[in-house]
Amino acid sequence: MPEPMRVVVLGLSHDHVWWNIAGLQKNPDIKIVGAWDPHSELTAKFAATVPGAEIGDDPHHLLHHHYPDAVLVCASNAESVHLVEDAASHGCHCVVEKPMANTLAGADAMLKAADEAGVKLIINWPICWEPSLWQAADLALSGKYGKLWQIRYRSAHNGPENVGCSPYFVDWLYDEKRNGPGAFTDYTCYGAAVCRWLLGRPEKVAGYAAKLIKTQDTPADNAVLLLSYAGAFGQIEASWTQVSDTPRKGGAFHCEQALIEPLGNSICIATADNPGGEIIEAAAPAPHLASLGHYLAAIVSEEAEPVGPLDPRIARDAQAIMEAGWTAAQTGVAQPVA
């Protein structure tokens, strides 16, 4: 019987790490063997979550001592770049939490490190473990409802400190060097990745971003990006100041004959005959898309190819869309995508 894939966790300050650990633990062929983070409170929580795993004094110790097959990187967006470079140089496959990096240069550095080392790089997006996303995308691209002419994607809540994010997460989310410009980086990334996946690279990006409500030192608590394509538009909204559940978070895929909305475990399809929409249960995704653990195992074994936002090259282009949008927001001039 083959040995399970050994995974080390580098960084615990990104709150998504606990969902990701649970996703890896769903695959019995994966074993989490260690973790590193400078905060003792977080390593104590990890020890309780993954009994028997080692707590390392620094990333190098874990990489040299365990020779893990893969690493899960969940530090700040800036720090994650260097952790991926280091892990790749040790021959480790890498999973890094969205949005990939704090800058396009960082995203490119990650790709270069993975390519040169011949290791797999996966960008993890929580939305990818919702079965409705994959089926809604398939329907939107199938032609069944005509041409896909617009994607609207909104990501919003009332700010990291208001929705229960840990102080370790909040600390770097408000730091432009470690995160990027606030809600802009944290939340336009989802829509950028989905638009790049389903519509391709836009011709130009217009952007608007500002600090409208928050008192913390952040460049932007709200943002809107407008993406232009030949025959289609993308509209991306990001907010850290939305106090209500509506407008809801998520995507809306506008086709000629239907509006298709992924809703977690279900999909709403509205048509001219049924403008209120019909709710259908989302079909189970392919087995390798059942969880992060199943996906990692399938990609490393080459039983599956990178797909959707999980593909690092799509995530890299999403970073380019964001960077073009930020420049557009600062200059007032729509920008091409690098």
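In this report, we go over the structure that sits alongside the text. Being a predicted model, the structure only gives us computed values, none of them experimental.

Looking at the side chain of Asp-186
Examined against the element boundaries, Asp-186 turns out to sit in helix α9 (residues 183–199). Judged by its relative accessible area of 10%, Asp-186 falls in the buried class. In this structure Asp-186 touches Lys-98, His-157, Leu-173, Asn-179 and Trp-240, once residues within four positions along its chain are discounted.

Focus on the sheet that holds strand β12 (residues 259–262)
Within the open sheet, the 8 strands sit side by side as β8-β9-β10-β7-β11-β12-β13-β14. Their pairing is mixed. Because the sheet does not close on itself, it has two edges, and the strands there are β8 (204–210) and β14 (278–281). Between one strand axis and the next, the sheet turns by 15° as a mean value, whatever way the strands run. Along the sheet, α9 makes contact with β7 (148–156), β8, β9 (222–229), β10 (232–239) and β11 (250–255), crossing β10 at roughly 160°. Strand contacts of helix α11 (residues 312–331): β8 and β9, with the helix running at about 60° to β8, the strand carrying the most contacts.

Some thoughts on the environment of Val-17
Mapping Val-17 onto the fold places it in helix α1 (residues 17–25). Taking C-alpha positions, Val-17 is 24 Å from Gln-216, a pair spaced 199 residues apart along the chain. Setting aside chain neighbours within four positions, we find Val-17 in contact with Val-9, Gly-11, Leu-12, Leu-72 and Cys-74.

Reading the values: the criteria
- Residues numbered from 1 in each chain as written.
- Predicted model: local features only at pLDDT ≥ 70, side-chain atom pairs only at ≥ 80, totals over all residues.
- Heavy atoms only, no water.
- Helix = DSSP H or I, 4+ residues; strand = E, 2+ residues; numbered from the N terminus.
- Buried < 20%, exposed > 50% of the residue type's maximum accessible area, 1.4 Å probe, protein only.
- Contact = heavy atoms within 4.5 Å.
- Pairing = 2+ DSSP bridges.
- Axes fitted to C-alpha atoms, helices over the stretch in contact; angles between N-to-C directions.

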